[in-house]
Amino acid sequence: MSCRANEHERGWRGRSRVLALSILLAAGCERAGGSAGKSGARPAPEHRPNIVLIVIDTARADHFSCYGYGARTTPNVDALAAHGILFRNARSVAPWTLPSHMSMFTGLPPRDHGATWAAFSEPGKTSRKLVEFGFAPAEPERMLGARLRAAGYRAYGFSPNPWVSRNHGFAEGFEGFTELWRKEEQSSTPSPKRATTPEEQLRNEFQRTRSGAAVTAVERMLAEHPRGEPFFLFVNFLDSHFPYDPPHSLRDRFGGKTETVTAIRENPGCEFRMIAGLPLFSPEELVPLYDADLFAADRAVGELMRRLASAGVLEDALVVLTSDHGELLGENGRYSHQLYVDEPLMHVPLILKLPGGERAGTIVDDPLVTNLDVYATVLAAAGVEGASGAFSRDLIAAARQPPRELLIGEYAPSRAYLDYLHGLNDRFDVEDHLRERFVVYTPEFRTELVGPTAVATTPLSGRMLDGMPGEARLAAAARAAEQALVEYLAARDGARSGKARFAGDDLESVAELEALGYAGTEDHEEPAPGPPAKQR
Ligand SMILES: [Zn+2]
C-alpha cells in the first residue's frame, strides 16, 4: 500500500485574505449583536458545540470557485473554506437526493438503509405515481435528529425539497422540521418592505426565493431557541436544482439568457425528456444558468452565516457544508442526476468549519472521503460515543483512524421510472438501464460498473504508480473493483431495511416532486404543469 498522507496543510495565501472579508464582516456583526456570550449560561460549549449542516442540493464540486472553477461562483463558500477544512476529493454515495440524504442521516450506504428506487418497485407496479410513496426508516432511533436529541440537542430542519421530508422519515427527533414547499410556509413568510434602493431591491429579491424564506425562518428559530441548550440546524438550499431559474439580478452574471429561462418555464417536465436522452437545451445555454443558480445558493449560505454571526453563535459552531449529489450538464449527452454514477454526479463539495476556526485553511486531498461521513462527524462533535462505523467516519478525527481502503457509490433503478422515460422517448433503451450501476474508488483508481462488470477504469489524478504498463495495471484495478463489489454485495445481501409506504394523500409533496423532475407511472402520465418549483 502506498504511503497516503491524509492531508496536506496549505495556507490560502493572498486569496484567503480576500475571501475572508465576508466572514470578517460577519464577525463584526457578531460583536455588535451578541447577547449570547454575556449570560455565560451555555454549558461546556467545547463539548457540545452548536452544529450547522448545510446541503446545497445538486451542487457539483468542480463548479465551486474554491474547487478551482474558472468563474467566481461561490465567494461565501470560499470564505467558509478559508476558515475551515476543504476536502478536495469528497464523493457522494448516490447520485440523487433521497438515498444520499438518507445516508447522511443514518450513516449507512444506500443498500443498507434502502431508501432508493428499489424500495418503491412494488408500489410502482400499480398505476400510482412513485412519488406518492413515502419511506419508513427501519430504525427511527438511528436517524441523525433522534440521536442528537438523545444527546441533549434541539434539532431544527428547513427543507425545500419534498424528498427530504417528514414523509421520508427525516424529521425523526427534530424539534421543528419546516417543509418550505408547503403553501402555509410561503404565506407565513413576511412580505418584504417596499424597496427604495438597489440594495433593498436585491434583499427583497432574495427574500422572495425559497432560500430566502429558509434564512428568515432560521432567524426566527435563533431568536426563539433557548440559550444554554446546544442546537443542530439542518438547511437544504435548492437553488441549483433544475429548473434553472436564477433571480433576475443574477441571470446574466455568467452569460445566461432570459429566453432560456422562459423556454424552461414553458416546458414543464422537460427535465424528464432530457434525462430520457432528448437534448432540448445545449450545455452552452444551461451552464451559465446553473452557475447563476449556484451563485444564488452561495448567497443564501452567506446570508445564513451573517444571521448566525448576528446571533453570536457562528464562531463556536461546527459548520458542515456539502451536497447530496452533483449534476450532469451535457457530458456525453447526459443531463440531470438520474441513471448514472458519472464523476460530475459523485464529486461533491465538503467543507468543515470547526469551532473557534481551528485548522483554518486546511486542504485535505484524501481520495476516499464521502458525504456519508457527515453522520459520524456530526455525532462525534456532539459527544455521541461510537458514532464512527464501517461506513461513516468522523472526519475531524480522520488522521487517527486507519485509512479507508475503498468507497462505493451506487444507483438502483426503478422499472416504472425507466418505462416512463421510454414513454417520452421511444429510443430510450429500458433494458440498457435495468441493471444497477456502481462506482468503486480505491486510493489510485476509479472504476465504474454496470451490474457486476467493470466498464471503465481511470486513474485518480496524480495517483498512477510507476513500474507497470498502464493497461495491465488498469485491468488489474478493474478486476480488483469487481471483486470488491462482489464482497460488498455479499455482505449486504438482504440488508435493505426501510420500506416504502403510501403517502399519496400529500398532494403538495407530489406536485412539488413532479415539478423537480420526478415521476414514474405505468401509464406514462405527463407531469402536472405548474410554475417552477424553486422560486416563488
Ligand atoms: Zn438532491
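Caption draft 1: Here's a closer look at the overall build of the protein chain. Scanning the protein chain from N- to C-terminus turns up 20 helices and 19 strands. For the protein chain, buried positions account for 52% of its 536 residues. Within the protein chain, counting contacts between residues at least 6 apart in sequence, those at least 24 apart form 75% of the total.

Caption draft 2: Broad picture of the environment of Ala311. Along the chain, the position of Ala311 falls in the loop between α14 (283-310) and β9 (318-322). What makes Ala311 buried here is the crowd of 22 C-beta atoms within 10 Å. Spatially, the C-alpha atoms of Ala311 and Leu222 are 6.9 Å apart, while their sequence positions differ by 89 residues.

Caption draft 3: Focus on unusual backbone geometry. With an omega of 0 degrees, the peptide bond running from Phe242 to Pro243 counts as cis. Note that Pro243 resides in the loop between β8 (231-237) and α12 (258-265). Of note, Leu339 is a non-glycine position whose phi angle comes to about 75 degrees, a positive value. Checked against the element boundaries, Leu339 lands in the loop between β11 (335-336) and α15 (343-346).

Caption draft 4: α14, seen in detail. Here α14 contains 28 residues, and its C-alpha end-to-end distance of 40 Å stays within 8% of the 40 Å for a straight helix at 1.5 Å per residue. A positive phi of about 75 degrees marks Gly312, the residue just after α14.

Caption draft 5: How the structure looks around the nonpolar core. Within the largest apolar cluster, 147 residues are counted, with the highest numbers of intra-cluster contacts made by Ile54 and Val378. It is α14 that provides the largest number of residues to this core, a total of 14 residues. Discounting chain neighbours no more than four positions away, the residues touching Ile54 are Val235, Phe237, Val301, Leu304 and Leu321.

Caption draft 6: Seen up close, the environment of Ser92. By the secondary structure assignment, Ser92 is in the loop between β4 (90-91) and α5 (97-106). Judged by C-beta crowding, with 28 C-beta atoms within 10 Å, Ser92 ranks as buried.

Caption draft 7: Focus on the confidence of the model for the protein chain. Of the residues in the protein chain, 82% reach a pLDDT of 70 or more, and the chain-wide mean stands at 84. The low-confidence segment residues 1-43, where pLDDT is below 50, has 67 contacts with residues more than four positions distant or belonging to other chains. Note on residues 521-533: pLDDT is under 50 here. Beyond four places in sequence and across chains, it has 30 contacts.

Caption draft 8: Molecular detail of the sheet that holds strand β17 (residues 445-450). Pairing within the open sheet is antiparallel, and its four strands lie in the order β15-β16-β17-β18. Sheet topology places β15 (407-411) and β18 (453-459) at the edges, where each strand pairs with a single neighbour. Along the sheet, successive strands turn relative to each other by an average axial angle of 15 degrees, direction set aside. The sheet contacts of helix α19 (residues 470-492) involve β15, β16 (437-441), β17 and β18, and relative to β18 the element is tilted by about 125 degrees.

Caption draft 9: Just the packing of helix α11 (residues 210-224) against α14, in detail. The contact between α11 and α14 brings their axes to 10 Å, and the two run at 10 degrees. With respect to their mutual orientation, α11 and α14 come out roughly parallel. For the pair α11 and α14, the sense of crossing is right-handed. Contacts from Ser211, Val215, Val218, Glu219 and Leu222 of α11 reach α14 at Ala296, Ala297, Ala300, Glu303, Leu304 and Arg307. Within the contact of α11 with α14, the residues separate by chemical class into seven nonpolar, one polar and three charged.

Cut-off values and rules
Residues numbered from 1 in each chain as written. Predicted model: local features only at pLDDT ≥ 70, side-chain atom pairs only at ≥ 80, totals over all residues. Helix = DSSP H or I, 4+ residues; strand = E, 2+ residues; numbered from the N terminus. Buried ≥ 20, exposed ≤ 12 C-beta atoms within 10 Å, placed from the backbone. Contact = placed C-beta atoms within 7 Å. Expected span 1.5 Å × (residues − 1). Core = buried A, V, L, I, M, F, W, Y, C linked by C-beta atoms within 7 Å. pLDDT = per-residue confidence, 0-100. Pairing = 2+ DSSP bridges. Axes fitted to C-alpha atoms, helices over the stretch in contact; angles between N-to-C directions. Parallel < 35°, antiparallel > 145°, perpendicular 65-115°, else oblique. Left-handed = near helix turned anticlockwise from the far one by under 90°. Nonpolar A, V, L, I, M, F, W, Y, C, P; charged D, E, K, R; others polar.

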